[in-house]
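Residue-level structural notes
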Amino acid sequence: MAIQLEPQRQPLVEIDQLQMHYPLGSIWGSKQTLKAVDGISLHIRKGETLGLVGESGCGKSTVGQLTARLLEPTGGRLFYKGEDLQKLRSGRDNQLRKQIQYVFQDPYTSMNPKHIIAALLEEPLRIHRIGTRPERKAKVRDMLKQIGLNESYEFRYIHELSGGQRQRIGIARALMLQPEFLILDEPVSALDVSVQSQILNLLKDLQQQFSLTYLFISHDLNVVHYMSDRVAVMYLGKIVELADVNDLYTSPLHPYTRALVSAIPAKHRGQRQERIRLQGEIPSASATPSGCAFHTRCPFAVERCRRETPTLRLIRPGRRVSCHLHE
Ligand SMILES: Nc1ncnc2c1ncn2[C@@H]1O[C@H](COP(=O)(O)OP(=O)(O)OP(=O)(O)O)[C@@H](O)[C@H]1O
């Protein structure tokens, strides 16, 4: 069943009940499964930035990789401009793969350290047989300019660059095929705070210039606040809250979101929210608690939360929450 959309623009990306379950073998004859992503439905509108936030291990990167089709889901469907990505013919599939690009936390791990920057940036064009050699070279030079590096960087190696410069190259490489949609997976988490803001501003400028749509993945609520139009909060493989960025930060509804927001500096959150301290660690995705998976850490849990799994319900336009306290 497709997600019930609110009466708004046709989404660029539609994620419908997406699932990534990893089999873990058996213990005492019972099959164990790790539910990295457990039935997520989301849509992303053209030109917006959807922030995806949550603690380490909650499944954010897996959602990103599934959306970029770097991973094959174990369930659910993915639509791009209304087309079911699992049903494409190979020519169309190839076209759409160019439209969707992924930016990793550290591009160093995803690029060949033996190649100079010019070759790294030219590679996507070569693979897709785009342009003549001189045209590709001109495009590389132009792209370096767009991301704020001069021509001398063409002949350097990725290991010679600072963290911020490396991430500029990661972004440039993702943009070489003129995509419409970028999945940014913790793009500034490895950088110093001063460099973080330069990269975030670059991403905002590029979004304007090239009419890009972003799925912005981060565990850092400040960064997500700065970048996003809407924010989805993840906990143990599920979305627990989805809202416009200002609503989410000024009046978070889900107790998990409230705890996350209450831990950030006052200027980004409603002034009257008291600090909610979460007890314990996030449970393992291979042993998710019964009922609401957050009940083991929720200060407001009642008996029903231990038994019944809540669904992500639309409670008012633009606002969804998965919590029995908000039914
Ligand atoms: N190939 C795999 N096989 C088994 N389990 C996996 C695999 N990849 C990820 N996982 C597990 O899936 C869960 C979600 O991982 P994921 O990397 O998506 O989380 P995350 O929220 O992005 O966290 P982080 O920011 O730490 O990467 C984790 O429990 C992780 O250990």
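Residues numbered from 1 in each chain as written. Predicted model: local features only at pLDDT ≥ 70, side-chain atom pairs only at ≥ 80, totals over all residues.

How we decide: UniProt positions are given in the numbering used here, feature names are shortened, and annotations may be inferred rather than shown by experiment.
An unreviewed UniProt entry lists the protein chain under the name ATP-binding cassette domain-containing protein, from Paenibacillus roseus. Under the heading Sequence similarities (unreviewed entry), UniProt records this for the protein chain: "Belongs to the ABC transporter superfamily."

Notes on the environment of aspartate 38
Counted only if it meets this: Only DSSP runs of H or I covering at least 4 residues are called helices, and only runs of E covering at least 2 are called strands; the numbering of each starts at the N terminus. In this scheme every C-beta is placed from the backbone, and a residue whose C-beta has 20 or more other C-beta atoms within 10 Å is buried, one with 12 or fewer is exposed, and one in between is partly exposed.
Tracing the sequence through the fold places aspartate 38 in strand E2 (residues 30–44). Owing to 22 C-beta atoms within 10 Å, aspartate 38 belongs among the buried residues under this scheme.

Here's the deal with the site of the ligand
Note the threshold: Defining nearness, a residue is near a molecule or strand when the C-beta atom obtained from its backbone falls within 6 Å of it. Residues are grouped as follows: Ala, Val, Leu, Ile, Met, Phe, Trp, Tyr, Cys and Pro are nonpolar; Asp, Glu, Lys and Arg are charged; every other residue, Gly included, is polar.
Surrounding the ligand, one finds 13 residues, the nearest of these being Ala36, Ser56, Lys60, Ser61 and Thr62. Among the secondary structure elements, those contributing two or more residues to the shell around the ligand are E2 and helix H1 (60–67). Looking at the shell around the ligand element by element, the count peaks at three residues for H1. Class assignment of the residues belonging to the shell around the ligand gives a composition of five nonpolar, seven polar and one charged.

Points about the sheet that holds strand E8 (residues 213–218)
Rules: Two strands pair under a simple rule: DSSP has to find at least two bridges between them. Inter-axis angles, ranging from 0 to 180 degrees, are taken between N-to-C directions of lines fitted to C-alpha atoms, where helices are fitted over the stretch in contact. Placing a C-beta atom from the backbone of each residue, one calls two residues in contact when those atoms lie within 7 Å.
What the eight strands build is an open sheet, ordered E6-E7-E8-E3-E9-E10-E12-E11; its pairing is mixed. Sheet topology places strand E6 (100–103) and strand E11 (313–316) at the edges, where each strand pairs with a single neighbour. Going across the sheet, the axis of each strand differs from the next one's by a mean of 20°, ignoring polarity. Relative to strand E9 (residues 230–235), strand E3 (residues 49–53) runs parallel, the two being bridged by four bridges. Bridge pairing in E9 places glycine 51 opposite valine 231. Of the strands in this sheet, E6 and strand E7 (181–185) are in contact with helix H5 (residues 163–175), which crosses E6 at around 170°.

Observations concerning the packing of H5 against helix H6 (residues 193–210)
The cut-off we apply is this: Just so you know how the angles are binned, under 35 degrees is roughly parallel, over 145 roughly antiparallel, 65 to 115 roughly perpendicular, and the rest oblique. When the near helix sits turned anticlockwise from the far one by under a right angle, the crossing is termed left-handed; a clockwise turn instead gives a right-handed crossing.
Relative to each other, H5 and H6 sit at 20°, their axes nearing to 10 Å. By the angle between their directions, the pair H5 and H6 is classed as roughly parallel. The way H5 lies across H6 gives a crossing that is right-handed. Residues Gly163, Gly164, Gln167, Arg168, Ile171 and Leu175 of H5 lie in contact with H6, whose contacting residues are Val195, Gln198, Ile199, Leu202, Leu206 and Phe210. The class makeup of the residues in the contact of H5 with H6 is seven nonpolar, four polar and one charged.

Things to note about H6
Threshold: Multiplying one less than the number of residues by 1.5 Å gives the expected span of a helix. The arc in question is the one traced by the directions running from the helix axis out to the C-beta atoms.
Taking 1.5 Å of rise per residue, 18 residues should cover 26 Å, and H6 covers 26 Å from first to last C-alpha, within 8% of that figure. All of the buried residues along H6 are Gln196, Ile199 and Leu203. Down the axis, H6 shows its buried residues gathered within 70° of arc, on one side only. H6 presents Ser194, Asn201, Gln208 and Gln209 as exposed residues on the side facing more than 90 degrees away from its buried surface. The inward-facing, buried residues of H6 contact H5, E7 and helix H7 (221–227). One or two positions beyond H6, positive phi appears at serine 211, with a value near 50°.

Digging into the pairing of E9
Burial analysis of E9 places five of its six residues in the buried class, the great majority of the element. Across six bridges, the pairing between E9 and strand E10 (residues 238–244) is antiparallel. Among the inter-strand pairings, alanine 232 is bridged to a residue of E10, identified as leucine 242. If you look at the hairpin formed by E9 and E10, you'll find two residues sitting between the two strands, and leucine 236 has a positive phi there, around 45°.

Focus on unusual backbone geometry
Within the chain, lysine 81 stands out as a residue other than glycine whose phi angle is a positive 50°. Position of lysine 81 relative to the elements: it lies in the loop between strand E4 (75–80) and strand E5 (83–84). For lysine 81, a count of 14 C-beta atoms within 10 Å puts it in the partly exposed group. Phi angles above zero are rare outside glycine, and serine 211 is one such case at about 50°. By the secondary structure assignment, serine 211 is in the loop between H6 and E8.

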